[in-house]
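Survey of secondary and tertiary structure
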Amino acid sequence: MPRTARDVVFVDGVRTPFGKAGPKGLYAQTRADDMVVRAIRELLRRNPSLPPERVDEVAIAATTQTGDQGLTIGRSAAVLAGLPKSVPGYAIDRMCAGAMTAVTTSGAGIAFGSYDVVIAGGVEHMGRHPMGEGVDPNPRFLAEKIVDPSALVMGSTAENLHDRFPGITRERADAYAVRSQRKVADAYAAGKIQPDLVPTAVRSAEKGWGLATRDEPPRPGTTLDDLAGLKTPFRVHGNVTAGNAAGLNDGATACLLAAEDVAAELGLSARMRLVDFAFAGVEPEVMGVGPVPATEKLLARNALTMDDIGLIEINEAFAVQVLAFLDHFKIADDDARVNPWGGAIALGHPLASSGVRLMNQLARLFEERTDVRYGLTTMCVGMGMGGTVLWENADWEGAK
């Protein structure tokens, strides 16, 4: 029989505090799978009316699917988290948009009627598994000039964006980065970030056991003068620095999605509705512009313009990438709709996990902004892609 698409809602989302990758980072002695297990368990704890056996799928993303991020991590994490053995799971990879794709793919399964409730998220332990570990790019990419050599180095693609958009200067990128740091500091001071952080056990040789309760990467008090003196590692006299780009980070995210009628049946909250999503490809050497065509496709398909969008959570892989998006849509650098609580330049970007962090923050913002109907979560993706998800505020006052 023909099926009618069902409304899909974002019920809840959590994440571990994000850490700095490396031997001195928060999670240097913590396994990647244990981080995502911690997030899944917290979702179940926070939603006690959900019988664990009602979870139909666990979709977990990781960019480097090896070691403690391998073994079909969605399934292994589900088992380790104590979900019934009857609950299946799988791994997914779309580089930086891994968790975003876990949400859109499993959410589409809910809309189709194949699932009622799913857990989706991502994890990246860049300290244990550096970006590109074990990767063997086909030599044809370069030998046949299919892509520019810079396409394989994300920082170089950001420098290429500065070339393509000369109006985006280093000074402008640094100013954006300072605002991101300030917004995160202000959000922490106001208690905005903490509600979705899962306290996570950590261990170090120097301090022994401890508890991670805050993000490690933010640098509150960062100034333009601080950033002006930083080196440009991807190009001599370049524009991209450690100060106007996201760092190398470890962390995990997870969220709970459900059909809207099933959420009501189980007494679960419906914080925002999944309206639509779109992915698009661009030249790999300027992968940072990926959110532009993805967003254009999405808005056109839903007969919307950027004026209809009240909140935008865009991943800050590089400041130049965000600014290229803003310029395209004629949005001011300091527009209040964009990343009101800051972004990845301050908080960190553990690759495959970041998509759900964007959704967590948008859901929280929707709760405060019942005057806003639509919001976007969007990000650029390695190898020349972009992804955008359109959400509707479940508490939008215009629907009452």
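The rules behind these values
- Residue positions within a chain follow its written sequence, with the count starting from 1.
- In view of the model being predicted, local features appear only for residues whose pLDDT reaches at least 70, and side-chain atom pairs are presented and counted only at 80 or more, with totals across whole chains, interfaces and linings using the full set of residues.
- For side-chain calculations, the full set of non-hydrogen atoms in the structure is used, while hydrogens and water are omitted.
- Under the scheme applied here, a residue whose accessible area is under 20% of the maximum for its type counts as buried, over 50% as exposed, and between as partly exposed, the area being computed with a 1.4 Å probe on protein chains only.
- Think of it this way: any DSSP run of H or I at least four residues long counts as a helix, any run of E at least two long counts as a strand, and we number them from the N terminus.
- At least two DSSP bridges between two strands are required for those strands to pair.
- Lines fitted to C-alpha atoms define the axes, with helix axes restricted to the stretch in contact, and inter-axis angles between N-to-C directions lie between 0 and 180 degrees.
- Reported orientations rely on four angle classes, namely roughly parallel under 35 degrees, roughly antiparallel over 145, roughly perpendicular from 65 to 115, and oblique for the rest.
- In this description, contact between two residues means that some pair of their heavy atoms is separated by no more than 4.5 Å.
- Residues are grouped as follows: Ala, Val, Leu, Ile, Met, Phe, Trp, Tyr, Cys and Pro are nonpolar; Asp, Glu, Lys and Arg are charged; all remaining types, including Gly, are polar.
- Two helices that cross are described as forming a left-handed crossing if the nearer one is turned anticlockwise from the farther one by less than a right angle, and a right-handed crossing if clockwise.
- We call Phe, Tyr and Trp rings a pair once their centres come within 6.5 Å, taking the six-membered ring for Trp, and we label the pair stacked below 30 degrees between planes, edge-to-face above 60, and tilted otherwise.
- Our definition puts a charge over a ring when NZ of Lys or CZ of Arg is within 6 Å of the ring centre and also within 35 degrees of the ring normal.
- When a carboxyl oxygen of Asp or Glu lies within 4 Å of a side-chain nitrogen of Lys or Arg, that pair is called a salt bridge.

1. Topic: the pairing of strand β1 (residues 8-15)
A large share of β1 lies buried, amounting to 8 of its 8 residues. In this sheet, strand β9 (residues 272-281) lies alongside β1 in antiparallel orientation, the contact comprising 3 bridges. Counted as the bridge partner of Val9 is Arg273 from β9. As paired elements, β1 and strand β8 (residues 249-259) share 7 bridges and run antiparallel to each other. Looking across to β8, one finds that Asp12 is bridged to Leu256.

2. Examining the packing of helix α3 (residues 98-112) against helix α12 (residues 354-368)
At their nearest, the axes of α3 and α12 sit 5 Å apart, and the two run at 70° to each other. By the angle class used here, α3 and α12 are roughly perpendicular. Listed contacts from α12 to Ala99, Met100 and Val103 of α3 are Gly355, Val356 and Met359. Residues belonging to the contact of α3 with α12 are distributed by class as follows: 5 nonpolar, 1 polar and no charged.

3. Some remarks on the packing of helix α1 (residues 32-46) against helix α2 (residues 73-80)
At their nearest, the axes of α1 and α2 sit 9 Å apart, and the two run at 60° to each other. One element, α1, and the other, α2, form an angle in the oblique class. Between α1 and α2 the crossing geometry is right-handed. Each of Asp33, Val36, Val37, Ile40 and Arg41 in α1 lies in contact with α2, whose residues at this interface are Ile73, Ala77 and Leu80.

4. A few points about the packing of aromatic side chains
If you walk through the whole model with that rule in mind, you get 3 aromatic pairs. Measuring from ring centre to ring centre gives 5.9 Å for Phe10 and Trp391, while their planes differ by 85°; the resulting arrangement is edge-to-face. Of the two residues, Phe10 is situated in strand β1 and Trp391 in strand β12 (residues 385-393); the sequence distance between them amounts to 381 residues. Note on Phe10: relative accessible area 0%, which makes it buried. Seen from the ring of Phe279, Arg94 lies directly overhead, with NZ or CZ sitting 3.7 Å from the centre.

5. Focus: the pattern of salt bridges
Per the stated rule, a full pass over the model turns up 27 salt bridges. Among the ionic pairs, Asp215 bridges to Arg15, the shortest N-O distance being 2.7 Å. Highlighted residues: Asp215 in the loop between β7 (208-212) and α7 (224-228) and Arg15 in strand β1, separated in sequence by 200 residues. For the pair shown, Asp215 and Arg15 are each scored as buried. Of the charged contacts in the structure, one is a salt bridge between Asp333 and Arg172, with a shortest N-O distance of 2.7 Å. Here Asp333 is found in the loop between α10 (319-328) and α11 (344-347), whereas its partner Arg172 is found in helix α6 (residues 170-189), with 161 residues between them in sequence. Taking the relative accessible area as the measure of exposure, Arg172 reaches 18% and is therefore buried. Among the charged side chains, a salt-bridge network with shared partners connects Asp12, Arg46, Asp196, Arg271, Arg364 and Glu367.

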